[in-house]
Amino acid sequence: MSDGDLISELYAGCFRRLVVQLYAVTGDLTEAQEAVQEAFTRALVSPRRFAALENPEAWLRRVAVNWARSRYRRRRVLDGLLRRIGPPPAVADHSPEHLALLAALRVLPEGQRHALALHYLVDLPVDEVAATLGVSSGTVKSRLSRGRVALAALLTDTDTSDTTTSIGTGTGTKCATDATETGRIDVRS
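Residues numbered from 1 in each chain as written. Predicted model: local features only at pLDDT ≥ 70, side-chain atom pairs only at ≥ 80, totals over all residues. Heavy atoms only, no water.

With 22 residues, the main nonpolar core has Leu-22, Val-36, Phe-40, Phe-50 and Leu-60 as its most contacted residues. Within the residue set of this core, elements represented by two or more residues are helix 1 (3–26), helix 2 (29–45) and helix 4 (56–85). Take this core: its biggest share by element is 8 residues, from helix 1. Every residue in contact with Leu-60, bar those within four places of it in the chain, is listed here: Cys-14, Leu-18, Ala-39, Phe-40, Ala-43 and Phe-50. Leu-108, Leu-118, Val-126 and Leu-144 belong to the second-largest nonpolar core, a separate cluster that totals 13 residues. (Core = buried A, V, L, I, M, F, W, Y, C linked by side-chain atoms within 4.5 Å. Buried < 20%, exposed > 50% of the residue type's maximum accessible area, 1.4 Å probe, protein only. Helix = DSSP H or I, 4+ residues; strand = E, 2+ residues; numbered from the N terminus. Contact = heavy atoms within 4.5 Å.)

Right, dumping it as structure tokens:
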């Protein structure tokens, strides 16, 4: 039997049992599943050494319990630090405009999104944004420009139910009614 087959067989045979045991230790099913998965991941790192163990299930259990304990200690330290620094900052605005902006930002390419966020939301100057992202100032300016154009296109109202469009500027404005029927718009003033 190969080392990979041994791990697969152990996974099929004892994963559920280990999760139940770790659930008793952690009190959280998701935490127990993650701990057991982490133990199997560590077994996959060196399958030959794992296959040579006298009792591989006991080793998996010990690794999973140690991982869960370490995670619990780290979480406890973090909780203590968070209590010392006070309550979390105010919850983000949940207005429709704010949600639309966040949705539009998610659509943008990563470079544009990062540049816009750092420059407009964090208020960093262009040079500092460039240093943070590891690009030139010109690249940041380009990303900001393209990002603003893309955001404007994503955030404009595209209500096409009105087929009457006002064309031109000044006093001689003509209206082109139902331009989609003819395919042409009269732009004479």
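Attention now goes to the side chain of Glu-57. Here Glu-57 is to be found in helix 4. The buried category is assigned to Glu-57, whose relative accessible area is 15%.

The subject of this paragraph is a nonpolar patch on the surface. Taken together, the side chains of Leu-78, Leu-82 and Ile-85 make up a nonpolar region of the molecular surface, amounting to roughly 310 Å² of accessible area. In this fold, Leu-78 is placed in helix 4. (Patch = residues over 30% accessible without salt bridge, like charges linked within 9 Å, V, L, I, M, F, W, Y side chains within 5 Å. Areas by Shrake-Rupley, 256 points an atom, 1.4 Å probe, with all protein chains shown as cover. Salt bridge = Lys/Arg side-chain N within 4 Å of Asp/Glu carboxyl O.)

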